[in-house]
Amino acid sequence: MVKVAVVGAGAMGSLFGGFLSEHGHDVTCIDVWAEHVEAINRDGLRIEGISGDRIVPLKAVTDPGRVGQVDVIIIFVKAYHTEAAIEAAKPMLGADTTVITFQNGLGNIEAIERHVPRTQILGGVTSWGATMLGSGRVRHAGVGDSFLGELDGAMTTRLEALSEAFTSSGIVLKPTDNILGLLWSKLLVNIGINALTAILRVQNGRLVEYPGSDQILALAVSEAVEVAKAKGIRLLYDDPVAKVRAVCRQTAQNRSSMLQDVLAGRRTEIDFINGAIVREGEAHGVPTPINLVLTQIVKTIEQSYDIRVS
Ligand code: NAD
């Protein structure tokens, strides 16, 4: 049994916490959303969707100080809350605690590293999907390849043991020696799809139907590939642009998370997706004008949610 704290028990955090809890691990969810925490403690977590509808008994708190030290901290807040979340999680952190991030985007590992020794951090990438239905209720929307890896690529006994703990709980995690390559390869898909779908307000498949959006997609992804090369990242795909186009077609009906955020008037993770490519490009002398434009348009959309022209 592993003692686990999930910091950020929203769609993905509560789903992963629920799976681990129903398979006998000692899980506490930590979230600033008091109503959700109360609902989980009172009624259990209601999981609906592809893994079956059920209620999972689960512990939840708003104050990480009440949990004690844990074996594993899973960070599942949105990227712009990572710094605050890991700061608040410190009372649960011991010398043997492992911190795992399955979040999307770039910059989460760096934010965690400002508070936790790098050797205590594992990276994760997941293709599972979830959406919140309300306090105490989550919809399990998708499963897919998921990976866990040491940041230096070592295949350690810790990595094997934790991958096994998740896998035996129903979250199949493959241990990998290239988690940064996997993280960047997923990032390239988000680079090509998220900002453009949010700006154009279209589903994923539309991007490759119009010559204009298809060209912008290709240019944005190509810039990010150059940044990845400059950083020595081992990408998974020989032709990342073709891969992103294929994902658009495979997920043609999907609304990207950034489109959903923009439609709901919420803050997006743009600074950690296209915005991160601009920052990394500057650091490595790689021009990224397309990603700069996409970033600034999405940021301007966020800043002008309250303005309507009729
Ligand atoms: P979400 O908004 O549903 O959940 C985030 C939760 O964090 C919220 O409940 C919020 O109240 C909580 N939170 C915010 N600040 C906090 C703090 N300081 N301490 C504790 N809790 C705090 O987000 P999500 O959709 O679960 O996404 C989380 C991350 O996982 C993102 O990086 C996202 O890109 C990534 N991701 C999401 C999916 C998906 O299908 N939803 C899939 C793969 C990866």
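Residues numbered from 1 in each chain as written. Predicted model: local features only at pLDDT ≥ 70, side-chain atom pairs only at ≥ 80, totals over all residues. Heavy atoms only, no water.

Explain the overall build of the chain to me, using residue names and the numbers behind them.
Within the chain, the secondary structure is distributed over eleven helices and twelve strands. Relative to the 2.2 N^0.38 estimate, which gives 19 Å for 310 residues, the radius of gyration of the chain is 19 Å and therefore close to what a compact globule would have. With respect to the three principal axes, the spread of C-alpha positions in the chain is 50 × 50 × 30 Å. Looking at the chain as a whole, 55% of its 310 residues are labelled buried. Put simply, of all contacts in the chain between residues at least 6 apart along the chain, 70% involve residues at least 24 apart. Per element, the accessible surface of the chain, about 13,700 Å² overall, is 52% carbon and sulfur. The distance from the centre of the 29 positive side-chain charges to the centre of the 34 negative ones in the chain is 5 Å. (Helix = DSSP H or I, 4+ residues; strand = E, 2+ residues; numbered from the N terminus. Rg over C-alpha atoms; globule rule 2.2 N^0.38 Å. Buried < 20%, exposed > 50% of the residue type's maximum accessible area, 1.4 Å probe, protein only. Contact = heavy atoms within 4.5 Å. Areas by Shrake-Rupley, 256 points an atom, 1.4 Å probe, with all protein chains shown as cover. Lys, Arg positive; Asp, Glu negative; His and termini not counted. Charge placed at Lys NZ, Arg CZ, Asp CG, Glu CD.)

Break down the site of the ligand for me, with residues and values.
Around the ligand, 21 residues are found, and the nearest of them are Ala11, Met12, Asp31, Ala130 and Glu269. Within the contact set of the ligand, an oxygen atom lies 2.9 Å away from a backbone nitrogen or oxygen of Ala11. Asp31 places a side-chain nitrogen or oxygen 2.6 Å from an oxygen atom of the ligand. Alone, the ligand offers 830 Å² of accessible surface; in the complex the protein occludes 82% of this. Secondary structure elements with two or more residues in the shell around the ligand: α1 (11-22) and β9 (129-134). (Near = heavy atom within 4 Å. Polar contact = N/O pair within 3.5 Å; in protein donor to acceptor, adjacent residues only side chain to side chain.)

A description of the sheet that holds strand β10 (residues 137-142) should follow, citing residues and the corresponding values.
Pairing within the open sheet is mixed, and its four strands lie in the order β4-β3-β10-β9. Each edge of the open sheet is held by one strand with a lone partner, namely β4 (54-56) and β9. For this sheet, the mean inter-axis angle between neighbouring strands, taken without regard to orientation, is 30 degrees. Note: β9 against β10, five bridges, orientation antiparallel. In the strand pairing of β10, Gly129 is matched with Gly142. Taken strand by strand, α1 contacts β3 (45-49), β4, β9 and β10, and its axis lies near 100 degrees from that of β9. (Pairing = 2+ DSSP bridges. Axes fitted to C-alpha atoms, helices over the stretch in contact; angles between N-to-C directions.)

Give a description of the layout of surface pockets that names residues and reports values.
One number sums up the size of the second largest pocket: a volume of about 160 Å³. Along the walls of the second largest pocket sit Leu106, Gly107, Ile109, Glu110, Arg118, Leu180, Leu183, Trp184, Lys231, Ile233 and Glu280, which together make up its complete lining. If you list the elements that add at least two residues to the lining of the second largest pocket, you get α4 (108-113) and α6 (179-200). Looking at the lining of the second largest pocket, the element that brings in the most residues is α6, giving three residues. Residues that form the lining of the second largest pocket fall into these classes: six nonpolar, one polar and four charged. Counting contributing residues per domain, the lining of the second largest pocket is built from domain 1 (3-177) and domain 2 (181-303), each supplying no fewer than three. (1 Å grid on protein atoms, 1.4 Å probe; cavity = no way out; pocket = protein on both sides within 12 Å on 5 of 7 lines; lining within 4 Å. Points joined across faces, edges and corners; volume = space filled by probe spheres on them. Nonpolar A, V, L, I, M, F, W, Y, C, P; charged D, E, K, R; others polar. Domains from an automatic or database assignment.)

I'd like a description of the domain arrangement of the chain, backed by residues and values.
Here the domain parsing of the chain yields domain 1 (3-177) and domain 2 (181-303). In this complex, domain 1 contributes 15 residues to the contact, which on the side of domain 2 involves 17 residues. When the two sides are added together, the surface that domain 1 and domain 2 hide from each other amounts to roughly 1,500 Å², 61% of it contributed by carbon and sulfur. Summed over the three residues of domain 1 that lose the most area to domain 2, namely Tyr80, Asn104 and Leu106, the buried surface amounts to 46% of that side. Connecting domain 1 to domain 2 are zero salt bridges. Applying the counting rule to domain 1 against domain 2 returns five residue pairs in polar contact (both at pLDDT 80 or more). Per-element accounting of the side of domain 1 that touches domain 2 gives the leading share, three residues, to strand β8 (residues 121-126). Here the side of domain 1 that touches domain 2 is built from residues that sort into six nonpolar, seven polar and two charged. (Buried area = accessible area lost by both parts, 1.4 Å probe. Salt bridge = Lys/Arg side-chain N within 4 Å of Asp/Glu carboxyl O.)

Residues and numbers for the side chain of Glu223, please.
On the secondary structure map, Glu223 appears in helix α7 (residues 211-230). Although Glu223 is buried, it makes no salt bridge; Arg279 carries the closest opposite charge, 13 Å away. Residue contacts for Glu223: discarding those within four places in its chain leaves Val286, Pro287, Thr288, Pro289, Ile290 and Asn291.

Report on the side chain of His25, specifying residues and quantitative values.
As for its placement among the helices and strands, His25 is situated in the loop between α1 and β2 (26-30). The exposure class assigned to His25 is buried, which follows from its relative accessible area of 13%. The contacts of His25, once residues within four sequence positions are left out, are Met1, Val2, Leu20, Ala165 and Ser169.

So what's going on with empty space enclosed by the protein? Residues and values would help.
For the structure on display, the rule yields four cavities of 30 Å³ or more. Approximately 50 Å³ is the volume found for the largest cavity. Phe102, Gln103, Asn104, Gly105, Gly124, Val125, Thr126, Leu183, Lys186, Leu187 and Asn190 are the residues that line the largest cavity. With four residues, the single largest contributor to the lining of the largest cavity is α6.

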